[in-house]
Amino acid sequence: QVQLVESGGGLVQPGGSLRLSCAASGSISSIYLMGWYRQAPGKQRELVAAISSGGSTNYADSVKGRFTISRDNAKNMVYLQMNSLKPEDTGAYYCNARTVVVFTEYDYWGQGTQVTVSS
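Residues numbered from 1 in each chain as written. Predicted model: local features only at pLDDT ≥ 70, side-chain atom pairs only at ≥ 80, totals over all residues. Heavy atoms only, no water.

Draft legend 1. A look at the packing of aromatic side chains. Scanning the entire structure with this criterion turns up 1 aromatic pair. Ring plane angle 70° and centroid distance 4.9 Å describe the contact between Tyr37 and Trp109, whose orientation is recorded as edge-to-face. With a gap of 72 residues between them, Tyr37 in strand β4 (residues 31-39) and Trp109 in strand β10 (residues 104-109) connect regions that are remote in the sequence. With relative accessibility at 16%, the residue Tyr37 sits in the buried group. (Phe/Tyr/Trp six-rings, centres within 6.5 Å; stacked < 30°, edge-to-face > 60°. Helix = DSSP H or I, 4+ residues; strand = E, 2+ residues; numbered from the N terminus. Buried < 20%, exposed > 50% of the residue type's maximum accessible area, 1.4 Å probe, protein only.)

Here you go:
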């Protein structure tokens, strides 16, 4: 089992910045991929950024060059630095951890943190 707790959401003006944090606990050693997803009202949840245990990163085209995902393995933390925010970045942001146990993958989710970009 993995527990995830997000923080750092809020209201920000267009062009502003926010930093989301995700604290992981539990079976940390089984995590091989962590990511941030977001869900806007009336839309499906979508991948924003992901980072592997080896540090490889992947971003949605819509956030490339503006968002940066990073992790601190010593603190069991994952971060999402969001710059040049746009109104379309508004949504609930969820931290995800993917584990593999005996060749079976499991997904764990945090409770979500709201990001609102508005003037």
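Draft legend 2. Looking closely at the state of the cysteines. Tallying each qualifying case throughout the model produces 1 disulfide. Between the sulfur atoms of Cys22 and its disulfide mate Cys95 the distance is 2.1 Å. Handedness of the Cys22-Cys95 disulfide follows from its S-S torsion of about -85°: it is left-handed. Of this pair, Cys22 sits in strand β3 (residues 18-26) while Cys95 sits in strand β9 (residues 91-101), and the two are 73 residues apart along the sequence. Cys95 matches Cys22 in its accessibility class, with the two residues each being buried. (Disulfide = S-S within 2.5 Å.)

Draft legend 3. Examining the sheet that holds strand β7 (residues 67-72) more closely. Taken in spatial order, the 4 strands of this open sheet run β1-β3-β8-β7, and their pairing is antiparallel. Of all the strands in the sheet, the pair left with one neighbour each is β1 (2-7) and β7. Sheet twist, expressed as the average angle between the axes of neighbouring strands with direction ignored, equals 15°. Where β1 meets β3, 6 bridges bridge the pair, whose relative direction is antiparallel. Looking across to β3, one finds that Glu6 is bridged to Cys22. (Pairing = 2+ DSSP bridges. Axes fitted to C-alpha atoms, helices over the stretch in contact; angles between N-to-C directions.)

Draft legend 4. Spotlight on the pattern of salt bridges. Across all of its chains, the model carries 5 salt bridges by this definition. The closest approach of N and O atoms between Lys64 and Asp61, which form a salt bridge, is 3.1 Å. We classify Asp61 as exposed; its relative accessible area is 65%. Between Asp107 and Arg98 there is a salt bridge whose closest N-O contact spans 2.9 Å. The exposure class assigned to Asp107 is partly exposed, which follows from its relative accessible area of 37%. Linked through salt bridges whose partners overlap, the residues forming this network are Arg38, Glu46, Arg66 and Asp89. (Salt bridge = Lys/Arg side-chain N within 4 Å of Asp/Glu carboxyl O.)

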